[in-house]
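Chain residues, written in single-letter form:
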Amino acid sequence: MRLDEACTNSFARHETFHPRWGWIRKAYVAAEDPSVFNADDATLQLGVGKNMVRAIRFWGHAFRALANQRDDDRPRLGLSVRSRIGAAIFDDEFGWDPFTEDPGTLWLLHWLLLAPSDCALPVWWTAFNEFGAVEFTQQELTDFVTDQVRSVAAWGAGPHPSSVEKDISCLLRTYSPSSGAGRRQPFDDLVDCPLRELGLIRSVDLSERRYRFAVGPKSTLPSEIVLYACADFLARTEATARTVSVSRLATEAGAPGRVFKLSEADLVSLLEEAVGKVDSASLARPAGAVQLAFKVAATEAATAVVQGYYGRNDSGLAPAGGLVLAGPDADLALGEGVAA
C-alpha cells in the first residue's frame with residue numbers, strides 16, 4: 001500500500017504534545033457537544049491551555065474515537081463527533097474499556113492509529129511500515145521519512161522539514177523514554193504516555209538518540225486483537241475479500257505484522273491461538289502457504305472477534321448484528337447509517 005493511499009496529507013498537528021493517559025477518552029466525552037473544541041471557552045471547558053485543546057482534538061481524531069462533521073455555520077473549522085469505534089471503546093454505559101484498563105486496548109488503539117485509510121500520521125506510518133532498519137538514530141529516521149513523504153507527488157512539495165522533525169520527536173517520546181541520565185524532564189512526561197507500555201521502541205543510547213524497534217513476540221498483545229487487526233486490514237484494503245495470505249499480513253506496508261513489529265512466524269502463532277477461539281475464521285495451508293480465511297465478511301468477523309474479546313455480544317449501540325466496528329465504517333460518526 002502506498003503512503004498517499006493509507007494516510008492524509010497531515011503533519012505536526014499535535015502541537016508537539018504526545019498522547020497522554022485519558023486524552024482520548026477526554027476527547028470522546030467532550031464531543032457530546034460537537035462544537036466544544038471550537039468554543040471560545042474551550043480552555044475552560046476542558047481545563048487545559050489553548051494548544052492542548054487542539055492537541056486533544058487531534059489525538060481524538062487520530063485514534064479514530066472522533067469523526068469529522070461539517071459545521072454549516074463555520075465550515076472551515078468543522079465539528080468533532082463521536083465515532084462508532086470510539087463509542088464502542090469509551091462510552092460510559094456500554095463501552096468495552098472506557099478507562100483503558102485492559103492492555104489489549106492499548107494495542108487496539110495503536111492499530112487504529114496506524115490502520116490504513118485516512119491515517120492522520122503519515123510520518124509515523126512511514127516509520128513503522130517503510131523504514132527497514134531495526135536500530136537507528138533519530139536523525140537517520142528523520143532523513144528517511146523526509147525523503148519518503150516528499151516523494152509523494154500528490155502532496156506537492158511536501159511538508160516543511162521542521163514538521164517532519166516534530167512528528168519524529170513526538171513519535172519517539174510516545175513509544176520510548178526520551179531523556180537520559182543527568183537530563184531533567186517533567187514528571188508527567190515520564191509517566192503519562194500510555195503507548196510506552198507496548199515496548200515497541202526501545203532506547204539504545206539516549207545520549208546519541210539511538211533507538212531500536214522491538215521486533216518479535218509481545219507478551220501483552222492478545223491474539224484476538226491481532227485477528228481483529230488482520231480482518232480490519234482486509235476490510236480497509238480489499239473489502240470483498242475473505243481470504244488473505246499470512247505472508248501479506250506480515251510484510252505488506254500497513255499490515256498488522258509491520259504495525260505490531262511481528263515476524264511471520266509470530267503472526268502465525270498468534271493467529272493459530274485466535275482462530276481456536278472463534279467460529280468465523282480459520283487457517284489453511286494450500287501448497288504450504290498459510291492463509292487466513294473468514295466464513296463471513298471481514299468486517300463482520302472483526303466485529304465479532306473484538307466484541308468476544310471484551311465479553312460483549314452486542315455493543316449496546318445498535319441491535320445485535322446491526323453495527324460494523326471494523327473497516328472504514330468503524331470510523332464513521334455514531335448514528336451515521338446506524339440505528340442507535
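See the structure shown above.
Notes on the structure follow. (Residues numbered from 1 in each chain as written. Predicted model: local features only at pLDDT ≥ 70, side-chain atom pairs only at ≥ 80, totals over all residues. Heavy atoms only, no water.)

## Comments concerning the packing of aromatic side chains
Evaluation of the coordinates by the stated rule reveals 17 aromatic pairs. Their ring planes at 75° and their centres at 5.8 Å tell us that Trp107 and Phe260 sit as a pair that is edge-to-face. Note that Trp107 is positioned in helix H6 (residues 103-114) and Phe260 in helix H13 (residues 256-260), a separation of 153 residues in sequence. The same class applies to Trp107 and to Phe260, which are both buried. An angle of 55° between the planes, with centres 5.4 Å apart, marks the rings of Phe128 and Phe213 as tilted. Taken together, the residues span a long stretch of sequence, with Phe128 in helix H7 (residues 122-129) and Phe213 in strand S5 (residues 210-213) at a distance of 85 residues. An aromatic cluster of three or more residues is present, and its members are Phe58, Trp59, Phe63, Trp124, Phe128, Phe131, Phe136, Phe144, Tyr175, Tyr211 and Phe213. The ring centre of Tyr28 lies 4.4 Å from the NZ or CZ of Arg82, which sits over that ring. Against the face of Phe213 rests Lys261, its NZ or CZ located 4.3 Å from the ring centre. (Phe/Tyr/Trp six-rings, centres within 6.5 Å; stacked < 30°, edge-to-face > 60°. Helix = DSSP H or I, 4+ residues; strand = E, 2+ residues; numbered from the N terminus. Buried < 20%, exposed > 50% of the residue type's maximum accessible area, 1.4 Å probe, protein only. Lys NZ or Arg CZ within 6 Å of the ring centre and 35° of its normal.)

## Points about the nonpolar core
Here is a general trend for soluble globular proteins: nonpolar side chains tend to be buried in one another's company. Of all hydrophobic cores here, the largest spans 113 residues; its most connected members are Trp59, Leu113, Trp124, Tyr175, Tyr228, Leu271 and Leu292. By residue number, the principal contributor to this core is helix H11 (residues 223-237), which donates 10 residues. When neighbours within four sequence positions are excluded, Leu113 is seen to be in contact with Trp59, Ala62, Phe63, Cys119, Leu121, Trp124, Tyr175 and Leu195. (Core = buried A, V, L, I, M, F, W, Y, C linked by side-chain atoms within 4.5 Å. Contact = heavy atoms within 4.5 Å.)

## So, the packing of H7 against helix H8 (residues 138-150)
Two measures define how a pair of helices packs: the angle their axes make with one another and the distance between the axes. Between H7 and H8, the least distance of the axes is 10 Å, while the angle of their chain directions is 115°. In terms of orientation, H7 lies roughly perpendicular with respect to H8. Once H7 is placed against H8, the crossing between them reads as right-handed. Residues Val123, Thr126 and Ala127 of H7 form the contact with H8, whose participating residues are Leu141, Phe144, Val145, Gln148 and Val149. (Axes fitted to C-alpha atoms, helices over the stretch in contact; angles between N-to-C directions. Parallel < 35°, antiparallel > 145°, perpendicular 65-115°, else oblique. Left-handed = near helix turned anticlockwise from the far one by under 90°.)

## Digging into the sheet that holds strand S8 (residues 291-294)
The 3 strands lie next to each other as S6-S8-S7, forming an open sheet whose pairing is antiparallel. The sheet is open, and its two borders are formed by strand S6 (243-245) and strand S7 (281-284), each paired with just one other strand. If you compare each strand with its neighbour and ignore which way they point, the axes differ by 20° on average. Taken together, the 3 bridges between S6 and S8 define a ladder with antiparallel strand orientation. In the sheet register, Thr243 faces S8, and the bridge partner there is Ala293. Helix-sheet contacts for H11 involve S6, S7 and S8, and the interaxial angle to S8 is about 80°. (Pairing = 2+ DSSP bridges.)

## Focus on the sheet that holds strand S4 (residues 201-205)
If you trace the 3 strands from one edge of the open sheet to the other, you get S3-S5-S4, paired in antiparallel fashion. Looking along the sheet, the strands with just one partner apiece sit at the ends: strand S3 (135-137) and S4. Going from strand to strand, the sheet's axes swing by 35° on average, the running direction of each strand aside. Two elements, S3 and S5, share 3 bridges in a ladder whose sense is antiparallel.

## Let's talk about the pattern of salt bridges
Here the structure, examined in full by the defined rule, presents 15 salt bridges. Among the salt bridges present, the one from Glu208 reaches Arg210, with a minimum N-O distance of 4.0 Å. Its relative accessible area of 49% is what places Glu208 among the partly exposed residues. Of the charged contacts, one joins Glu238 and Arg248 as a salt bridge, the two residues approaching to 3.0 Å between their closest N and O atoms. You can see Glu238 sitting in the loop between H11 and S6 and its partner Arg248 sitting in helix H12 (residues 246-251), a full 10 residues away along the chain. Connected through shared salt-bridge partners, Arg64, Asp232, Arg236 and Asp331 make up one network. (Salt bridge = Lys/Arg side-chain N within 4 Å of Asp/Glu carboxyl O.)

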